[in-house]
Amino acid sequence: MQLTKILGYLGLLASILVGLGEYFLHYSPHILEHAEDYAFFKYVRLENLTTGHFLAVIGLPFYFAGYLHIYRMLKSGNETLARLVLAIGFIAFAVGGIWIGSRASIGNIVHLKGTMDQAIYQNLLAHYTSHMEILVKALRIIIASLSVVFVIAILKGGTYYKKWVAIFNPIVILLLLVVLGKLIPSIGKHMLPILMNVTHFILFTLSLYQLNTYTKTPQNA
């Protein structure tokens, strides 16, 4: 149980460090109205791009520990489904790591817009979109797939989770946060740039709460 708890806290640490990194990389007061062609990056200071890059890179490996925590929470119910969640989780953050590692570079390119030929600049943006931004779309599909398996594993029973936790799977949390961010732009401009990290902060917090509840139940103590 202690190892499972430590892994959960490492996952929580990942969501904080990578979330802070992504916030430094992406946030400016103008982010919502300058989303097209990565224009919001011109309002992000270059030193923030560097700080954000290294915070995210340092924090990202801890996400793998977080998914080992999820695996250990699920495996008593169905080992095969738990392993599948683990594998998909690892794929998700391998893909996510490649993407976030590219953000400081595209941000720097946006800052250099006025110093280069515009045809070259647009070519660089198009190349980035087709090779890196497409990973975000892939990541959404991966997280949706992970969420389906996560729900099935919990509903089959025998895990450390109560069955109602299945409602709070990653894709549902993500969609609820998107709706909240759109409805309340004053919150959305801070939350939407780090959405996947907020999602996992909630997921790991809930998971640790469930573990704590499980271990305090007399028959499991």
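We now turn to the structure provided with this report. Since the structure is predicted, the reported quantities are computational estimates derived from the model, not experimental observations. (Residues numbered from 1 in each chain as written. Predicted model: local features only at pLDDT ≥ 70, side-chain atom pairs only at ≥ 80, totals over all residues. Heavy atoms only, no water.)

With that settled, the discussion passes to the layout of surface pockets. Volume-wise, the largest pocket comes out at about 1,000 Å³. Around the largest pocket, the lining comprises 32 residues; the ones closest to its centre are Trp99, Val136, Arg140, Leu192 and Pro193. Those elements giving two or more residues to the lining of the largest pocket turn out to be α1 (2-26), α4 (79-100), α6 (118-155), α7 (170-183) and α9 (195-216). In terms of residue count, α6 provides more of the lining of the largest pocket than any other element does, six residues in total. Of the residues assigned to the lining of the largest pocket, the class counts are 22 nonpolar, four polar and six charged. (1 Å grid on protein atoms, 1.4 Å probe; cavity = no way out; pocket = protein on both sides within 12 Å on 5 of 7 lines; lining within 4 Å. Points joined across faces, edges and corners; volume = space filled by probe spheres on them. Helix = DSSP H or I, 4+ residues; strand = E, 2+ residues; numbered from the N terminus. Nonpolar A, V, L, I, M, F, W, Y, C, P; charged D, E, K, R; others polar.)

Within the element layout of this structure, Ile91 appears in helix α4. Accessibility expressed as a relative area gives 46% for Ile91, which makes it partly exposed. As for Ile91 and Leu146, which are separated by 55 residues in sequence, their C-alpha atoms are 9.9 Å apart. (Buried < 20%, exposed > 50% of the residue type's maximum accessible area, 1.4 Å probe, protein only.)

So, about a nonpolar patch on the surface. Among the surface-exposed residues, Ile16, Leu20, Phe24, Phe201 and Ile202 lie close enough to one another that they form a single nonpolar patch of about 380 Å² accessible area. For the nonpolar patch, the leading source of residues is α1, giving three residues. (Patch = residues over 30% accessible without salt bridge, like charges linked within 9 Å, V, L, I, M, F, W, Y side chains within 5 Å. Areas by Shrake-Rupley, 256 points an atom, 1.4 Å probe, with all protein chains shown as cover. Salt bridge = Lys/Arg side-chain N within 4 Å of Asp/Glu carboxyl O.)

Moving on, we come to the side chain of Gln210. Assignment of secondary structure puts Gln210 in helix α9. Ignoring sequence-local partners within four residues, the contact set of Gln210 consists of Met73, Tyr160, Tyr161, Lys162, Trp164 and Val165. (Contact = heavy atoms within 4.5 Å.)

Let us now look at the packing of aromatic side chains. One pass over the structure, following the stated rule, counts 10 aromatic pairs. When the centroid spacing of 6.2 Å and the interplanar angle of 90 degrees are considered together, the rings of Trp164 and Phe168 count as edge-to-face. A relative accessible area of 34% means that Phe168 is categorised as partly exposed. Here the aromatic cluster, defined as three or more aromatic residues joined through ring pairs, consists of Tyr63, Tyr67, Phe93 and Phe204. (Phe/Tyr/Trp six-rings, centres within 6.5 Å; stacked < 30°, edge-to-face > 60°.)

All right, on to the packing of helix α3 (residues 61-74) against α4 then. It is the contact of α3 with α4, at a shortest axis distance of 8 Å, that shows an interaxial angle of 165 degrees. When the axes of α3 and α4 are compared, the pair comes out roughly antiparallel. The crossing of α3 and α4 is right-handed. In contact with Tyr63, Phe64, Tyr67, Leu68, Ile70, Tyr71 and Leu74 of α3, α4 contributes Glu79, Ala82, Arg83, Val85, Leu86, Gly89, Phe90, Phe93 and Ala94. A class-by-class count of the residues in the contact of α3 with α4 yields 13 nonpolar, one polar and two charged. (Axes fitted to C-alpha atoms, helices over the stretch in contact; angles between N-to-C directions. Parallel < 35°, antiparallel > 145°, perpendicular 65-115°, else oblique. Left-handed = near helix turned anticlockwise from the far one by under 90°.)

This part is about the pattern of salt bridges. Within this structure, the stated rule accounts for three salt bridges. The partner of Arg103 in a salt bridge is Glu133, with the nearest N and O atoms 3.0 Å apart. Linking Arg103 in helix α5 (residues 103-111) with Glu133 in helix α6, this pair joins segments that are 30 residues apart in sequence. You can call Glu133 partly exposed: its relative accessible area is 23%.

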